[in-house]
Amino acid sequence: MKNLFILLGLLLSLGLMTSCSSSEEAPVTTDCNITVTFDNVAVVNGIIYATQTYPLKVESISFSSATGTTKSISQVEYAIDSRMNSRSSFAPYKGRFDTRTLESGTHTLGMFFGIVQLDNTVLPDNVQYVFTVVPSLDDLPEGAELGTYTQRFRVTPD
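Report on the accompanying structure. (Residues numbered from 1 in each chain as written. Predicted model: local features only at pLDDT ≥ 70, side-chain atom pairs only at ≥ 80, totals over all residues. Heavy atoms only, no water.)

To continue, consider the overall build of the protein chain. What the protein chain contains, in helices and strands, is one helix and nine strands. Ordered by position from N to C terminus, the α and β elements of the protein chain give α-β-β-β-β-β-β-β-β-β. Looking at the protein chain residue by residue over its 158 residues, the buried ones come to 35%. A fraction of 68% describes how many contacts in the protein chain between residues 6 or more apart in sequence connect residues 24 or more apart. For the protein chain, the accessible surface area stands at approximately 9600 Å², while carbon and sulfur atoms represent 54% of it. (Helix = DSSP H or I, 4+ residues; strand = E, 2+ residues; numbered from the N terminus. Buried < 20%, exposed > 50% of the residue type's maximum accessible area, 1.4 Å probe, protein only. Contact = heavy atoms within 4.5 Å. Areas by Shrake-Rupley, 256 points an atom, 1.4 Å probe, with all protein chains shown as cover.)

The next point concerns unusual backbone geometry. Negative phi is the rule for most residues except glycine; trans is the rule for most peptide bonds. Here the amide bond leading from A91 into P92 is cis, since omega sits at 15°, within 30 degrees of zero. Unlike most non-glycine residues, N40 shows phi in positive territory, near 65°. Inspection of the secondary structure puts N40 in strand β1 (residues 32–44). By relative accessible area, N40 is classed as buried at 14%. Phi at D81 takes a positive value of approximately 50°, unusual for a residue other than glycine. Within the secondary structure, D81 sits in the loop between β4 (70–80) and β5 (83–88).

These values are about where atoms sit, not about what they do.
Shown next as structure tokens:
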């Protein structure tokens, strides 16, 4: 008798899983605008510079729907040079990166997040920023100063 209840429970849960709505009912899209604000960076000729003396910071990541089909982004996971570094679960999704541990030269900051649809499905997406680390403020390009830099981009369906 106990096995019968277990079997009925499994069949019921299987029925619930197969009754979820399919993606054919509503088109899935990732059409949205994302704005990333950095601090302790200098940008010269489109190149982002950070120094080993000050941490590279992501002050905020903000989101807006471009078409009304998306409602938010989920947590953001950060990776430097393809190695997971940190995670931020709540807006403004701040990140702080110890550049003292990075060699001088070019590195990649990856931001991995999910775009939450109106039907609560989550579509994964990411953005990669290439940045150059220099030893100190004196090693920045001529006239460059550390400050805040904001970049906005649009995520569109493939």
